[in-house]
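Observations on the three-dimensional arrangement
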Amino acid sequence: MPERVLFTPMALEEPWGQELYRRAQSLDLPIEELGRNRITGVKGETERETYARAKRTLAVVTAPPSSFKLSPIPPSADWQFHIAEGCPGHCQYCYLAGSLQGPPLIRVFANLPQILANLGKYEQPGKATSFEVSCYTDPLGIEHLTGSLAEAIRYFGTREDGYLRWVSKFDNVDGLLDLPHNGHTRCRVSVNAAWVSQKLEGGTATVPQRLQALRKLGLPREQGGGGYPIGLVIAPIMPIEDWEQHYSDLFDQIEQAIDFPCVLTFELISHRFTPGSKEVLQAWYPNSKLDMDEQNRIIKRNKFGGTKYVYDGNTMRQLRQFFEGEINKRFPQAQVLYWT
């Protein structure tokens, strides 16, 4: 629950903004109506203070015009769109660090109907088109405040060729089980070895809780579940001490939770960081146990000249061989969408 909920004037002009206002009132949250369409009063005296203050703030705003020009996001999906930006979790490797401008407060978009209506322009008739909604937020982590994820699921349930994908480290899925998704939404949870989750993923549901949530989502309707296609994102994979044992234990947990026939996918993502994200994360989490020593990595450059630090080729081969071997052995019908 946020300590402050801010509404801009433009957000309050939107019908969905009014719905978000009513939700905040029903939860007895402290609401502030801003006099202009700018968020101020979040910056603290230090980077750490700014981070803490921002993480306790929910701002209801309108998505800018640039949000309506979608970007492709391979290999995760054909396109990405955003119903919010920012996340209530405290993951010390956060992929958003250095990606979003300004303090890491949560911005929820009040012009949701327009955002959803815009997606049809990107569908190709007769061809399945996928849309990822989790790039800049954890939509389930704020769903009790917004209801926006449920609206997106309902929307995609009406589409012929559009398919929604979302991923979360939270577990409050009960409100999603009865939605008319028509198989057009794939629900995924992000999981990791116990050491990584316990040390580096603050403020999130535990891995066992996430797996039970995924079980609920994937179970058939007649068994009390949501009947959704489901998936697991194992990320960020790290070759910590005794990593094979730690990740074997994780697969044991997955196997126990997903012990029923279902449409299951895996996505495997190794840990990486950029110079910019390292600087931001070390300011946010000065006592973190996350290994970001450049001497233990190799440099990878993208086509735009950007730099990231990744594991060396031999380490990546060992990790890939292990994870794909475990999946093939335990879940032979599952599909590995990608490894990176």
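Position numbers for residues count from 1 along each chain, tracking the sequence in the order it is written. Per-residue local features are limited, in this predicted model, to residues with pLDDT of at least 70; the limit for side-chain atom pairs, both in listing and counting, is 80 or more; totals at the level of whole chains, interfaces and linings are taken over all residues. Hydrogens and water molecules were not included; the side-chain quantities draw on all heavy atoms of the structure.

With that settled, consider the packing of aromatic side chains. In this scheme Phe, Tyr and Trp rings, the latter by its six-membered ring, pair at centre separations within 6.5 Å, and the angle between planes marks the pair as stacked below 30 degrees, edge-to-face above 60, and tilted otherwise. Scanning all chains against the criterion turns up 18 aromatic pairs. Measuring from centroid to centroid gives 4.9 Å for Tyr-247 and Phe-323, while their planes differ by 65°, and the two rings are edge-to-face. Here Tyr-247 is found in helix α9 (residues 243-257), whereas its partner Phe-323 is found in helix α11 (residues 313-330), with 76 residues between them in sequence. A residue is classified by how much of its surface remains accessible, and Phe-323, at 0% relative accessible area, is buried. In textbook terms, an aromatic cluster arises when at least three aromatic residues are bridged by ring pairs, as seen for Trp-243, Tyr-247, Phe-251, Phe-266, Phe-322, Phe-323, Phe-331 and Trp-339. A run of DSSP states H or I qualifies as a helix once it reaches four residues; a run of E qualifies as a strand once it reaches two. Both are numbered from the N-terminal end. Relative accessibility thresholds used throughout: buried, under 20% of the residue-type maximum; exposed, over 50%; partly exposed, between the two (1.4 Å probe, protein chains only).

This next bit is on the sheet that holds strand β17 (residues 335-339). What makes two strands pair is DSSP finding at least two bridges between them. As summarised here, the arrangement of the eight strands in space is β4-β5-β9-β10-β11-β13-β14-β17, forming an open sheet in which the pairing is mixed. Looking at which strands have only one partner, the edges of the open sheet turn out to be β4 (71-73) and β17. Direction aside, neighbouring strands of the sheet carry axes that sit 30° apart on average. Bridge analysis of strand β14 (residues 264-270) against β17 gives four bridges, and the strand direction is parallel. When the bridges of β17 are listed, Leu-268 appears paired with Trp-339. Contacting β10 (162-168), β11 (185-191) and β13 (230-237), helix α8 (residues 207-218) crosses the sheet at an angle of about 165° to β11. Whether two residues are in contact is decided by their heavy atoms, any of which lying within 4.5 Å being enough. To obtain an axis, a line is fitted to C-alpha atoms, over the contacting stretch when the element is a helix, and the angle between two such axes runs from 0 to 180 degrees between their N-to-C directions. Against the sheet, α9 contacts β11, β13 and β14, and its axis sits at roughly 165° relative to β13.

Relative to the elements of secondary structure, Met-238 occurs in the loop between β13 and α9. For Met-238, a relative accessible area of 5% gives the class buried. Through-space distance from the C-alpha of Met-238 to that of Met-316 is 9.9 Å; in sequence the pair is 78 residues apart. When near neighbours in sequence (up to four residues on either side) are disregarded, Met-238 contacts Tyr-93, Val-196, Leu-200, Trp-243, Tyr-247, His-271, Leu-290 and Tyr-311.

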